Amino acid sequence: MTPDQGVCFNEQVQYVDVNTIDGHIGLQEKITPMIAVLKNSNCRIKTINNDVIEIVLCGGTLIVDKNEGIKIFTKAFATLSDLDANLIQNLINQIEEKLKTIDEQHKDYVELNDQLNLEKDLLEALKTK
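Residues numbered from 1 in each chain as written. Predicted model: local features only at pLDDT ≥ 70, side-chain atom pairs only at ≥ 80, totals over all residues. Heavy atoms only, no water.

(A) Region of the structure containing the side chain of Thr47. Mapped onto the elements of the fold, Thr47 is located in strand E4 (residues 41-47). Filtering out sequence-adjacent residues up to four positions away, Thr47 remains in contact with Phe9, Glu11, Gln12, Val13, Gln14 and Ile53. (Helix = DSSP H or I, 4+ residues; strand = E, 2+ residues; numbered from the N terminus. Contact = heavy atoms within 4.5 Å.)

(B) Region of the structure containing the environment of Phe77. Relative to the assigned elements, Phe77 resides in strand E8 (residues 77-79). Here Phe77 falls in the partly exposed class, since its relative accessible area comes to 22%. Distance from Phe77 to Leu122, taken between C-alpha atoms, is 7.7 Å for residues 45 residues apart in sequence. (Buried < 20%, exposed > 50% of the residue type's maximum accessible area, 1.4 Å probe, protein only.)

(C) Looking closely at unusual backbone geometry. If you check the backbone angles, Asn50 has positive phi at about 70° while not being a glycine. Of note, Asn50 is situated in the loop between E4 and strand E5 (52-57).

(D) Structural detail: the pattern of salt bridges. Using the criterion set out here, one finds four salt bridges in the structure. Among the salt bridges present, the one from Lys120 reaches Glu96, with a minimum N-O distance of 3.5 Å. Of this pair, Lys120 sits in helix H2 (residues 107-126) while Glu96 sits in helix H1 (residues 85-100); the two residues are 24 residues apart in sequence, bridging distant segments of the chain. Classification of Lys120 by relative accessible area gives partly exposed; the value is 36%. Residue Glu96 is classed as partly exposed on the basis of its relative accessible area of 28%. The salt bridge partner of Lys100 is Glu97, with a shortest N-O separation of 3.1 Å. In this pair, Lys100 and Glu97 are both assigned in helix H1, three residues apart and thus about one turn of the helix distant. By relative accessible area, Lys100 is classed as exposed at 63%. With a relative accessible area of 45%, Glu97 lands in the partly exposed category. (Salt bridge = Lys/Arg side-chain N within 4 Å of Asp/Glu carboxyl O.)

Quick look at the structure:
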């Protein structure tokens, strides 16, 4: 998985369960190649060691290649167990209040607005569990 921060998960997997804009799909290794657009949603990954990892994705692109495996490119992701909807909502509220006090031309406005959108995407994805 590759969000803006770089590669965040790079292991062999048996199975990946994701939500695309066209619906839910489950993928096994070495399946037919495909590309899909992902929704803000949860994703389940079963590793070759039978560990199940549940993460939250902020949209993105899924690419499946027989040789390269399953790749997900996303702007952000977090482990489901690390997220708290109330804390995210509180952060959203704080950012929205701060944005009201900053001129739209100020450099901080763009950064805060980007952070606001990212937090909203995380909250939306978290609510799809």
